[in-house]
Amino acid sequence: MTEFVKSELEDGVLTLTLARPDKMNAITNAMYAALADALETAEKDRAIRAVVFQGDGDHFTAGNDMGDFAAQSKDPSIVAHSPRFITNLGIATKPLIAAVQGNAVGIGTTMLLHCDLVYVAPTARLITPFVNIALVPEAASTHLLQGRIGYARAYEMFALGEPMSGETAVSLGLVNAVVPVEELRNKAREAALKLASRPAGSLSHTKALMRDTALITAQINREGAILKERLKGPEAREALTAFAERRKPDFSKIAG
């Protein structure tokens, strides 16, 4: 377990805390590995009856650590653990709960589509900037998001990459409720404890009936394959180079 992902099991609730607040909890490959390991453990361990995701500091997560992500894209020998984390989200049978404050960028938003209960602070901003960096969405979000809020709004989130407020996310049915930031973690934990007290078999069957796991897994794989190809292309190279050079990317002379 990396130092940047804290894990605590109490009263049947496994709490996973992104603990890199000085970097807005940007997720490194090692952090993805820790999160994937934790979800795999949760599936096997009968003592774990619910999982809570939360982040230290003012933000939930800035998404991928771009420096770490760029290094992976250049070195094929590095085993990327983000696909394993995403796959485990898609097939999780136990309740997943999220407490979200500040920015939830990229995976910070798409992972919420796999959480069964999501509570956000008034500061929450859901951001899906995949197109901005010449990539495509992940975590079956191209299927799940439009199913939740409709094609037009989902396309707008993906194509324009503009932030969605917590209040708007609640009004669209994307998350459950806005909670004062000082009460956010308690709200998520209270909900997790309630779920942990429910019959685990009934919960897992209910979740399975509400989610088409085969379709979700297939879409995750489809998105992943396209993303992998995109990373090799000129648009992604321009986006990553621009990030490293701290400038705005210029895609105007690159064919799609």
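In this text, all values refer to a predicted model and were calculated from it rather than measured experimentally.

### Some details on the overall build of the protein
Part 1 of the reasoning: A count of helices and strands for the protein gives 11 helices and 9 strands.
Part 2 of the reasoning: Compactness check: the protein gives a C-alpha radius of gyration of 18 Å against a globular reference of 18 Å for 256 residues, within 12% of the reference.
Part 3 of the reasoning: If you line up the protein on its principal axes, its C-alpha atoms span 55 × 40 × 35 Å.
Part 4 of the reasoning: The 256 residues of the protein split such that 48% are buried.
Part 5 of the reasoning: Considering only contacts in the protein between residues 6 or more positions apart, those separated by 24 or more positions represent 71%.
Part 6 of the reasoning: Total accessible area computed for the protein in this model is approximately 12,600 Å², and 55% of it derives from carbon and sulfur atoms.
Part 7 of the reasoning: Of the side-chain charges in the protein, 28 are positive and 29 negative, and the distance between the mean point of each set is 3 Å.

### With respect to the sheet that holds strand S4 (residues 96-100)
Part 1 of the reasoning: Here we have 6 strands laid out as an open sheet, ordered S1-S2-S3-S4-S6-S9, and mixed in their pairing. Each having just a single partner strand, strand S1 (5-10) and strand S9 (177-178) make up the two edges of the open sheet.
Part 2 of the reasoning: Taken together, the 3 bridges between strand S3 (residues 50-55) and S4 define a ladder with parallel strand orientation. Paired with Phe53 across the bridge in S4 is Ala98.
Part 3 of the reasoning: Most of the contacts of helix H1 (residues 29-44) go to strand S2 (residues 13-18), to which it runs at about 175 degrees, and overall it touches S1, S2, S3 and S4.

### Points about the pairing of S4
Part 1 of the reasoning: Of all the 5 residues making up S4, 5 are buried; the element is thus mostly covered by neighbouring parts of the structure.
Part 2 of the reasoning: Taking every second residue as pointing to the same face, both faces of S4 are buried, with Leu96, Ala98 and Val100 on one and Ile97 and Ala99 on the other.
Part 3 of the reasoning: Taken together, the 4 bridges between S4 and strand S6 (residues 117-120) define a ladder with parallel strand orientation. Each residue of the ladder has a partner; that of Ala98, found in S6, is Val118.

### Focus on the pattern of salt bridges
Part 1 of the reasoning: One pass over the structure, following the stated rule, counts 11 salt bridges.
Part 2 of the reasoning: Between Asp65 and Arg20 there is a salt bridge whose closest N-O contact spans 2.7 Å. Taken together, the positions of Asp65 in the loop between S3 and helix H2 (66-74) and Arg20 in the loop between S2 and H1 put the pair 45 residues apart, joining distant regions of the chain. In this structure, Asp65 and Arg20 share a single accessibility class: buried.
Part 3 of the reasoning: Note that Asp37 and Arg84 form a salt bridge whose closest N and O atoms lie 2.9 Å from each other. Of this pair, Asp37 sits in helix H1 while Arg84 is found in helix H3 (residues 82-91), placing the two residues 47 residues apart along the sequence.
Part 4 of the reasoning: Note on Arg84: relative accessible area 24%, which makes it partly exposed.
Part 5 of the reasoning: Because the salt bridges share partners, they merge into one network encompassing Lys6, Asp56 and Arg185.

### Description of the side chain of Thr28
Part 1 of the reasoning: Positionally, Thr28 belongs in the loop between S2 and H1.
Part 2 of the reasoning: When neighbours within four sequence positions are excluded, Thr28 is seen to be in contact with Arg20, Asp65 and Asp68.

### Here's the deal with unusual backbone geometry
Part 1 of the reasoning: Its identity as a non-glycine residue notwithstanding, Asp11 has a phi of 55 degrees, on the positive side.
Part 2 of the reasoning: Here Asp11 lies in the loop between S1 and S2.
Part 3 of the reasoning: Phi at Ala139 is positive, roughly 65 degrees, even though this residue is not glycine.
Part 4 of the reasoning: With relative accessibility at 2%, the residue Ala139 sits in the buried group.

### Digging into the packing of H3 against helix H10 (residues 213-231)
Part 1 of the reasoning: Here H3 crosses H10 at 165 degrees, and the two axes come no closer than 9 Å. The angle between H3 and H10 places the two elements in the roughly antiparallel class. Crossing geometry of H3 relative to H10 is assigned as right-handed. Here Ile86, Thr87, Gly90 and Ile91 of H3 come into contact with H10, specifically with Thr213, Ile216, Thr217 and Ile220.

What counts and how
- Residues numbered from 1 in each chain as written.
- Predicted model: local features only at pLDDT ≥ 70, side-chain atom pairs only at ≥ 80, totals over all residues.
- Heavy atoms only, no water.
- Helix = DSSP H or I, 4+ residues; strand = E, 2+ residues; numbered from the N terminus.
- Rg over C-alpha atoms; globule rule 2.2 N^0.38 Å.
- Buried < 20%, exposed > 50% of the residue type's maximum accessible area, 1.4 Å probe, protein only.
- Contact = heavy atoms within 4.5 Å.
- Areas by Shrake-Rupley, 256 points an atom, 1.4 Å probe, with all protein chains shown as cover.
- Lys, Arg positive; Asp, Glu negative; His and termini not counted.
- Charge placed at Lys NZ, Arg CZ, Asp CG, Glu CD.
- Pairing = 2+ DSSP bridges.
- Axes fitted to C-alpha atoms, helices over the stretch in contact; angles between N-to-C directions.
- Salt bridge = Lys/Arg side-chain N within 4 Å of Asp/Glu carboxyl O.
- Parallel < 35°, antiparallel > 145°, perpendicular 65-115°, else oblique.
- Left-handed = near helix turned anticlockwise from the far one by under 90°.

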